[in-house]
Amino acid sequence: MDITELLEIAEKERSHQKPIRVHCCTSTGCRAANSLSVKKNLEGAVKDVGLSDRVQVVGVGCMGFCGNGPLVEIDPQEKLYERVTPNDAASIIEAINGGIATAPEGDLKHPFFARQLRIVRENSGKIDPESIDEYIAVGGYQPLYKVIHDMTPAEVVDEITRSGLRGRGGAGYPTGLKWATVAKMPPGQKYIVCNGDEGDPGAFMDRSVLESDPHKVLEGMAIAGYAVGASEGYIYVRAEYPLAIERLETAIKQAKKLGILGSQIFYSAFDFKINIRIGAGAFVCGEETALISSIEGGRGNPRPRPPYPAQEGLWGCPTLINNVETFANIAAIVREGGDWYASIGTEKSKGTKVFALTGKIRNNGLIEVPMGITLREIVAEMGGGIPDGEVKAVQTGGPSGGCIPASLLDTPVDYESLSNLGSMMGSGGMVVMDKETSMVEVARFYMEFCRGETCGKCIPCRAGTVQMYHTLTKILKGEANQTDLERLQALCDMVKHTSLCGLGQSAPNPVISTLRYFPEEYTTLIKPDVLNGKVAVSH
Amino acid sequence: MESTGIKTKQKADRQAASEHPSGDKRFKVLDITMKRAQYRQDALIEVLHKAQESFGFLEEDVLLYVARKLKLPLSRVFGVATFYHLFSLKPSGAHSCVVCLGTACYVKGSGAVLSALENHTGIHQGETTADGQMSLMTARCLGACGIAPAVVFDGTVAGKQTAEEAIDKIKQWGIGNEA
Ligand SMILES: Cc1cc2nc3c(=O)[nH]c(=O)nc-3n(C[C@H](O)[C@H](O)[C@H](O)COP(=O)(O)O)c2cc1C
Ligand code: SF4
Ligand code: FES
Ligand code: FES
């Protein structure tokens with residue numbers, strides 16, 4: 001395929017699309033609320049009222065407001081319906097011609113939508129993720145064409161470097177630098193790996209991107225392959241995401257068929273193929289060296305770095321590993337330029353970030369916002385605050401992160417600010433907690449998680465997390481004394497500094513941060529007689 | 001000459017091995033999966049997924065079979081099968097109910113849903129009812145946090161679950177009705 005053919009597909013698809021599109025979300029959240037039946041009834045209603053020549057029902061990806069699903073949007077009338085039931089379908093179609101819909105109408109001007117800036121999610125909820133033609137119709141795969149034909153690999157790496165993009169998988173390593181490292185390795189077999197393991201509880205950004213716009217991720221991987229000199233890529237998705245896997249499989253098949261993946265892409269000398277690997281339920285497999293071992297068919301045990309995967313990765317070859325959201329940024333950066341991307345966000349954290357806003361909050365769902373927005377803007381304005389009560393803390397970064405107290409909500413969201421608070425950007429989960437949530441319970445919850453997910457390879461993490469869990473349980477039962485609390489702190493320090501991989505190194509964070517911001521919750525649970533300096537006596 | 005001889009022998013071996021002595025059709029499914037992966041050892045996890053799908057769990061016989069076909073030591077196959085949470089070496093129930101205990105679900109009360117289910121069925125998480133009708137499991141996060149608390153009933157995600165709703169659902173499977 002060449003550029004004229006690509007543009008032809010886009011043109012043909014656009015001319016086939018009906019003037020009014022009824023977008024019905026068919027992603028996991030809305031599906032769980034019966035959106036497939038809604039879609040079926042919408043289709044039936046369009047036929048019944050004889051609007052088939054003007055109106056088209058499209059199953060689209062996640063629109064973001066998952067907590068109020070199933071969602072239906074009328075494009076271009078900019079009308080949004082929430083909590084739609086199959087019975088509402090007929091009235092929604094009639095409302096196009098001036099009738100009254102029975103489903104509650106959403107407010108697209110609400111800060112939840114209005115404050116967003118969508119780059120990664122620009123197509124999400126607007127196109128059918130199962131149709132490559134729809135992706136091409138919104139300009140998809142033109143950036144890939146552009147890099148292959150108009151840019152040298154070095155120029156692509158430069159563009160990404162200029163954008164200031166940092167990895168969205170958690171640690172925020174500069175993407176351009178990582179690409180440059182792999183590109184500099186001697187030519188030969190190299191691999192691209194997309195990390196779609198997303199094990200952080202409370203996070204579903206990657207799931208949503210894969211389900212809503214799989215081609216964007218494939219395109220990002222292919223551009224990366226061209227830039228660093230790799231001809232093969234793997235995308236590792238957790239088995240808990242069956243719909244994401246299904247849609248990726250479809251997308252890969254479609255792209256291959258059009259000659260966009262495979263050999264001699266766009267009639268060039270560039271070959272790139274993508275394989276899917278399915279996880280089997282192990283959080284540690286999100287860690288890059290463990291993930292590599294898992295792709296190779298082994299146990300997901302991390303290994304010491306260096307050598308980094310960029311030097312020695314999959315089957316010993318130089319390997320570029322990036323997160324799903326990182327790859328989903330690439331096509332837009334190529335299209336609009338690195339400088340454009342760098343103009344968004346803050347000094348050190350460029351661009352946008354997708355967050356999963358959940359927990360005790362009015363508006364649950366996914367948002368994409370420019371870096372630097374404050375937690376308060378996200379939680380209070382976009383999230384609408386807690387239905388009846390007050391915010392106590394926001395947990396960010398999952399098991400590697402911490403709880404940020406309400407008093408610090410004016411902190412801007414960027415990599416450095418969050419880690420200065422002892423938390424982390426992590427992959428983007430934000431769980432809002434209210435006064436009813438016990439912070440010691442939360443700490444124990446994460447320790448139970450880490451205890452169950454440690455791979456067991458090194459002792460500090462394997463034994464330390466278990467001990468910390470027991471101590472926290474003891475505290476919660478009111479059986480602990482001051483010595484236990486001190487031992488807990490010492491354990492945090494030891495596990496953090498002596499564990500082999502990021503799991504152990506960050507496992508104490510939820511404990512450290514709750515101890516730091518909510519010390520009274522611990523001390524009130526400590527046996528009072530001991531606080532008075534007396535020896536603990538067990539009854 | 002000699003190399004051709006070896007090739008023919010390997011081929012014969014494979015053909016012989018592709019018939020599991022039990023004649024159980026489910027081994028055929030495994031054969032097809034392994035063949036498609038060209039018996040590559042890195043296909044192990046994929047093969048185990050398939051095996052669990054067809055057999056319901058990973059019985060020792062299946063692990064032995066896979067080890068032999070992929071020319072892997074049994075210890076390696078066993079090591080992988082026990083490392084990953086989704087692989088089960090015990091039979092699972094006819095129905096499955098997975099309660100998410102991830103942070104978002106936890107904050108929204110999935111603990112109460114789980115204990116209600118445990119009370120109703122008389123089994124703990126990770127167990128299967130004595131009649132083999134239902135397995136009760138937990139997950140770390142289903143990635144459906146926007147509709148927390150989430151429960152998966154026989155592979156279908158249900159959101160915003162209350163204890164009552166979850167129990168109604170398993171009652172439809174005929175579980176614990178008499179209780
Ligand atoms: C225990 C652990 C779990 C991780 N889980 C994930 C994950 O689910 N997804 C992800 O992209 N990165 C995860 N990471 C980070 C990866 O190791 C790696 O840094 C990342 O995929 C690199 O991509 P990026 O540069 O685009 O962020 C995890 C790290 C650790 C230590
Ligand atoms: S820190 Fe924990 S998860 Fe990481 S290698 Fe050690 S035991 Fe395994
Ligand atoms: S899943 Fe439908 S809006 Fe997110
Ligand atoms: S925490 Fe339950 S689905 Fe994510």
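Computed from a predicted structure; not experimentally measured. (Residues numbered from 1 in each chain as written. Chains lettered and ligands numbered in written order. Predicted model: local features only at pLDDT ≥ 70, side-chain atom pairs only at ≥ 80, totals over all residues. Heavy atoms only, no water.)

Enquirer: I'd like a description of the pattern of salt bridges, backed by residues and values.
Expert: Evaluation of the coordinates by the stated rule reveals 31 salt bridges over all chains. The partner of K435 of chain A in a salt bridge is E390 of chain A, with the nearest N and O atoms 4.0 Å apart. Here K435 of chain A is found in the loop between β14 (429-434) and α18 (439-453), whereas its partner E390 of chain A is found in the loop between α16 (375-382) and β12 (391-396), with 45 residues between them in sequence. On the accessibility criterion, E390 of chain A (51% relative accessible area) is exposed. The salt bridge partner of E448 of chain A is R140 of chain B, with a shortest N-O separation of 3.5 Å. (Salt bridge = Lys/Arg side-chain N within 4 Å of Asp/Glu carboxyl O. Helix = DSSP H or I, 4+ residues; strand = E, 2+ residues; numbered from the N terminus. Buried < 20%, exposed > 50% of the residue type's maximum accessible area, 1.4 Å probe, protein only.)

Enquirer: So what's going on with the interface of chain B and chain A? Which residues, and what values?
Expert: Facing 35 residues of chain B, the contacting portion of chain A comprises 49 residues. The three residues of chain B that bury the most area against chain A are F83, T103 and R140 of chain B, which together make up 21% of that side's buried surface. On inspection of chain B and its partner chain A, the count reaches 3 salt bridges. Between chain B and chain A we count 20 residue pairs in polar contact (both at pLDDT 80 or more) in total. (Contact = heavy atoms within 4.5 Å. Buried area = accessible area lost by both parts, 1.4 Å probe. Polar contact = N/O pair within 3.5 Å; in protein donor to acceptor, adjacent residues only side chain to side chain.)

Enquirer: Give me the site of ligand 2: which residues, what numbers.
Expert: Neighbouring ligand 2 are 13 residues; C455, K457, C458, C461 and C501 of chain A lie closest to it. Split by residue class, the shell around ligand 2 holds 8 nonpolar, 4 polar and 1 charged. (Near = heavy atom within 4 Å. Nonpolar A, V, L, I, M, F, W, Y, C, P; charged D, E, K, R; others polar.)

Enquirer: Lay out the UniProt feature "binding site: [2Fe-2S] cluster" (unreviewed entry) in chain B with the relevant residues and their values.
Expert: All names here are of chain B. UniProt records the feature "binding site: [2Fe-2S] cluster" (unreviewed entry) at C100, C105, C141 and C145, using the numbering of this structure. For the residues just named, distributed over 46 residues, the greatest C-alpha separation is only 9.2 Å, placing them together at one site. Structurally, C141 can be placed in the loop between β3 (134-139) and β4 (151-153). Accessibility expressed as a relative area gives 2% for C141, which makes it buried. (UniProt positions renumbered as here; feature names shortened; annotations may be inferred.)

Enquirer: Mind laying out the sheet that holds strand β1 (residues 20-25) of chain A, listing which residues take part and the relevant values?
Expert: All names here are of chain A. Strand order in the open sheet formed by 5 strands is β2-β1-β3-β4-β5, and the pairing between neighbours is mixed. Of all the strands in the sheet, the pair left with one neighbour each is β2 (55-60) and β5 (105-106). Relative to strand β3 (residues 72-75), β1 runs antiparallel, the two sharing 4 bridges. Counted as the bridge partner of V22 is I74 from β3. Here helix α3 (residues 35-48) sits on the sheet and contacts β1, β2 and β3; the angle it forms with β2, its principal contact strand, is near 170 degrees. (Pairing = 2+ DSSP bridges. Axes fitted to C-alpha atoms, helices over the stretch in contact; angles between N-to-C directions.)

Enquirer: How would you summarise the packing of aromatic side chains if you had to cite specific residues and measurements?
Expert: Residues and elements named next belong to chain A. Counting across every chain of the model gives 19 aromatic pairs over all chains. With a centroid separation of 5.0 Å and 75 degrees between ring planes, the pair formed by Y145 and F266 is classed as edge-to-face. Of this pair, Y145 sits in helix α7 (residues 142-150) while F266 is found in the loop between α12 (242-257) and β8 (273-278), placing the two residues 121 residues apart along the sequence. By relative accessible area, which is 14% here, Y145 ends up buried. (Phe/Tyr/Trp six-rings, centres within 6.5 Å; stacked < 30°, edge-to-face > 60°.)

Enquirer: With reference to specific residues and values, describe the nonpolar core.
Expert: Judged by nonpolar contacts, the single largest core of 87 residues is most densely connected at Y141, L144, W179, V217, I235, I260 and F266 of chain A. Here the element with the most residues in this core is helix α11 (residues 214-228) of chain A; it accounts for 9 residues. Discounting residues that sit within four places of it in the chain, V217 of chain A has contacts with C194, V209, L210, I235, V324, F327 and A328 of chain A. In terms of nonpolar packing, the next biggest core, distinct from the first, is built from 49 residues, A282, F449 and C501 of chain A together with V47 of chain B among them. (Core = buried A, V, L, I, M, F, W, Y, C linked by side-chain atoms within 4.5 Å.)

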